[in-house]
Amino acid sequence: MKKTLRFILLAAASTFFAACGAPAANTGGNNANTNANTNTGKPVAAAPTADALMALDKRANEAYVKGDSKFFEGMLSDKFVILTGGGQRMDKAATVKMIAGVKCDIKSMDLTEPAMSMIDADTYALSYKATWDGTCNGPDGKPMKVPSPIRSASIWVRSGDKWQAIFHGENLIFDPKNPAAPAAPPEKPKKPEKLEPKEDVKTAANSNTAANTAAPARATPDANTDALVKVELALWEAWKAHDAKKLDALMAKDVSFVNIFGTYLATRADALKDWTGAGCQVKSVSVSDGFATALSPTVEMLTRKGTADGTCGGQKAGTFTVWGVSIFVKDGDAWKFAFGMNSPAK
């Protein structure tokens, strides 16, 4: 499994999203905290549809494979983050710099199975399947086959008259009991350069070495970080115990999730069924490296590291680590889980 997971892209060799406002549809939200901008008199982006976001996403993908970093300067929120396989947080500046070094030769791309879930009126999660045929430059600058198919997930936030991306991640789609053989890595040079990038930086997408050597400046975590880590740990402990009642109490009204195998759980019921099933047998769990970012007074994004001792999906038992993101919404005095994505650590 570890050998297969080394080739999973976490930092978007092929899937970014656009900055424009989507066509109008379903402008009302089911969250009590509706768009704070509606009474300001300023233009606001219409509520999105999955098809509208996918159409914009295609335009952004085309910009990415051309290395068009300027396209993303207005599309990414100033709070944007992606996680590398080593758990490094790459902010907007580092991501735009990375994209500037991208060189790809793509024969075809196919974006299918769009699924959108509403977190609140100003925050949406989009997931879809991306199938690719082509190459992008790897960490050593040589062409590498783009892993395919992958499950992508993006978090979008309303910013005035446009929608901006706050997070993006990707997992290779595979059957854990019968994983496909990964693409062969590029041949290592006989005499590596003296300035070799750190391992956790090199895992970030099909970008060139120069674009990945500089670590982004670390922002300051939100004051709610410790509280959200405690909620996240409670979720992991309830998952370990297959405790449906505890999970139910920790979840928001609407929930969606992308797991380490590229499987998308579209509803709250899907998540409860999966997390209380027999697919994972775990003895202990832990959550660390939490970093919370406030998206609004009632929505928080937590990036974190999770570790479990056991087995999932029929894999060999042992300790496994994932890096991921969780979106929490405020429900009274409690923070509740609304969306998440876990990706295997490299």
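Think of each chain on its own: its residues are numbered from 1, step by step along the sequence as written. Local features are withheld for residues below a pLDDT of 70 in this predicted model, meaning they are given only at 70 or higher, and side-chain atom pairs are given and counted only at 80 or more; totals for whole chains, interfaces and linings count all residues. Note that the side-chain values use all heavy atoms of the structure and ignore hydrogens as well as water.

S.K.: How would you sum up the state of the cysteines? Please name residues and give values.
M.R.: Disulfides are defined as cysteine sulfur pairs within 2.5 Å. Per the stated rule, a full pass over the model turns up two disulfides. Disulfide pairing is shown between Cys 280 and Cys 312; the S-S distance is 1.9 Å. Since a negative S-S torsion denotes a left-handed disulfide, the Cys 280-Cys 312 link at about 120° is right-handed. Here the residue Cys 280 occupies a position in strand β10 (residues 280-296), and Cys 312 occupies one in strand β11 (residues 299-312), the gap between them amounting to 32 residues. Across the pair, exposure class does not vary: Cys 280 and Cys 312 are buried alike. We count a stretch as a helix when DSSP gives it H or I for four or more residues in a row; a strand needs E for two or more, and each element gets its number in order from the N terminus. Only protein chains enter the accessibility calculation, which uses a 1.4 Å probe. A residue is then buried if its area is under 20% of the maximum for its type, exposed if over 50%, and partly exposed in between.

S.K.: Before we move on, can you summarise the side chain of Asn 137 with the specific residues and values?
M.R.: You can see Asn 137 is positioned in strand β4 (residues 123-137). A polar side-chain atom of Asn 137 sits 3.2 Å from the main-chain carbonyl oxygen of Gly 101. Engagement of the side chain of Asn 137 in a polar contact is seen with the backbone nitrogen of Lys 103, the distance being 2.6 Å. Think of a polar contact as two N or O atoms within 3.5 Å of one another; within protein, one of them needs to be a possible hydrogen donor and the other a possible acceptor, and neighboring residues in sequence only count if both atoms come from side chains.

S.K.: Give me the lowdown on the sheet that holds β10, citing residues and values where you can.
M.R.: As summarised here, the arrangement of the six strands in space is β9-β8-β13-β12-β11-β10, forming an open sheet in which the pairing is mixed. On the outer flanks of this sheet lie β9 (264-265) and β10, each paired with one strand and no other. Both β11 and strand β12 (residues 318-331) contribute to a ladder of 12 bridges, which runs antiparallel. Bridging across to β12, Asp 309 finds its partner in Thr 319. A pair of strands is labelled paired if DSSP reports no fewer than 2 bridges between them.

S.K.: Outline helix α2 (residues 50-65), listing residues and values.
M.R.: A helix's residues, less one, multiplied by 1.5 Å, set its expected span. Taking 1.5 Å as the rise per residue, α2 with 16 residues should run 22 Å; its terminal C-alpha atoms sit 22 Å apart, in good agreement. Those residues of α2 lying buried are Ala 50, Ala 52, Leu 53, Met 54, Leu 56, Asp 57, Ala 60, Asn 61, Ala 63, Tyr 64 and Val 65. Every residue pair with non-hydrogen atoms within 4.5 Å of one another is taken to be in contact. Each element contacted by the buried residues of α2 is listed here: α3 (70-73), α4 (92-100), β3 (104-120), β4 and β6 (150-159).

S.K.: Explain the packing of aromatic side chains to me, using residue names and the numbers behind them.
M.R.: The criterion for an aromatic pair is that two Phe, Tyr or Trp rings (for Trp, the six-membered ring) have centres within 6.5 Å, with stacked assigned to planes under 30 degrees apart, edge-to-face to planes over 60 apart and tilted to the rest. By the definition in use, this model includes nine aromatic pairs. Taking 5.1 Å as the distance between ring centres and 85° as the angle between the ring planes, the aromatic pair formed by Phe 257 and Trp 275 counts as edge-to-face. Here Phe 257, found in strand β8 (residues 251-258), pairs with Trp 275, found in helix α9 (residues 268-275); they are 18 residues apart in sequence, far enough to count as distant. Accessibility expressed as a relative area gives 6% for Phe 257, which makes it buried. On the basis of relative accessibility, which here comes to 9%, the residue Trp 275 falls in the buried class. Seen in terms of ring centroids, Phe 328 and Phe 337 are 6.2 Å apart; in terms of plane orientation they differ by 75°. Their pairing is edge-to-face.

S.K.: Tell me what's going on with the pattern of salt bridges, and back it up with residues and numbers.
M.R.: The term salt bridge refers to a side-chain nitrogen of Lys or Arg lying within 4 Å of a carboxyl oxygen of Asp or Glu. Under the criterion given, the structure shown has eight salt bridges. With its nearest N and O atoms 3.8 Å apart, the salt bridge here joins Lys 283 to Asp 309. Taken as a pair, Lys 283 in strand β10 and Asp 309 in strand β11 lie far apart in primary sequence, 26 residues in all. Residue class for Lys 283 comes out exposed when judged on its relative accessible area of 65%. Using a relative accessible area of 23% as the deciding quantity, one classes Asp 309 as partly exposed. Notably, a salt bridge pairs Asp 331 with Lys 336, separated by 3.3 Å at the nearest N-O pair.

S.K.: Go over helix α7 (residues 225-240), please, and point to the residues and values.
M.R.: Each α-helix turn comprises 3.6 residues. Residues three or four places apart therefore point the same way. Taking 1.5 Å of rise per residue, 16 residues should cover 22 Å, and α7 covers 22 Å from first to last C-alpha, within 8% of that figure. Taken together, the buried positions of α7 are occupied by Thr 225, Leu 228, Val 229, Val 231, Glu 232, Ala 234, Leu 235, Trp 236, Ala 238 and Trp 239. In this fold, the buried residues of α7 make contact with α8 (244-250), α9, β10, β11, β12 and β13 (334-344). Within two residues after α7, His 242 carries a phi angle of roughly 55°, on the positive side.

S.K.: Lay out the environment of Thr 123 in plain terms, naming residues and giving numbers.
M.R.: Mapped onto the elements of the fold, Thr 123 is located in strand β4. Sequence separation of Thr 123 and Ser 296 is 173 residues, and the distance between their C-alpha atoms is 9.3 Å. Excluding its chain neighbours within four sequence positions, the residues that come into contact with Thr 123 are Met 118, Ile 155, Trp 156, Val 157, Trp 163, Leu 295 and Val 299.

S.K.: Outline the pairing of β3, listing residues and values.
M.R.: Here β3 pairs with β4 via 13 bridges, running antiparallel. For Ala 115, the partnering residue across the bridge sits in β4 and is Ser 127. Remark: two residues form the turn of the hairpin made by β3 and β4, two consecutive strands paired antiparallel.

S.K.: Explain unusual backbone geometry to me, using residue names and the numbers behind them.
M.R.: Omega for the bond connecting Ser 148 with Pro 149 falls within 30 degrees of zero, at -5°, which places this linkage in the cis form. Positive phi, normally seen in glycine, also occurs at Glu 113, with a value near 55°. Here Glu 113 shows up in strand β3. Phi at Asp 289 takes a positive value of approximately 55°, unusual for a residue other than glycine. Within the fold, Asp 289 resides in strand β10. According to the relative accessible area criterion, Asp 289 is partly exposed, its value standing at 48%.

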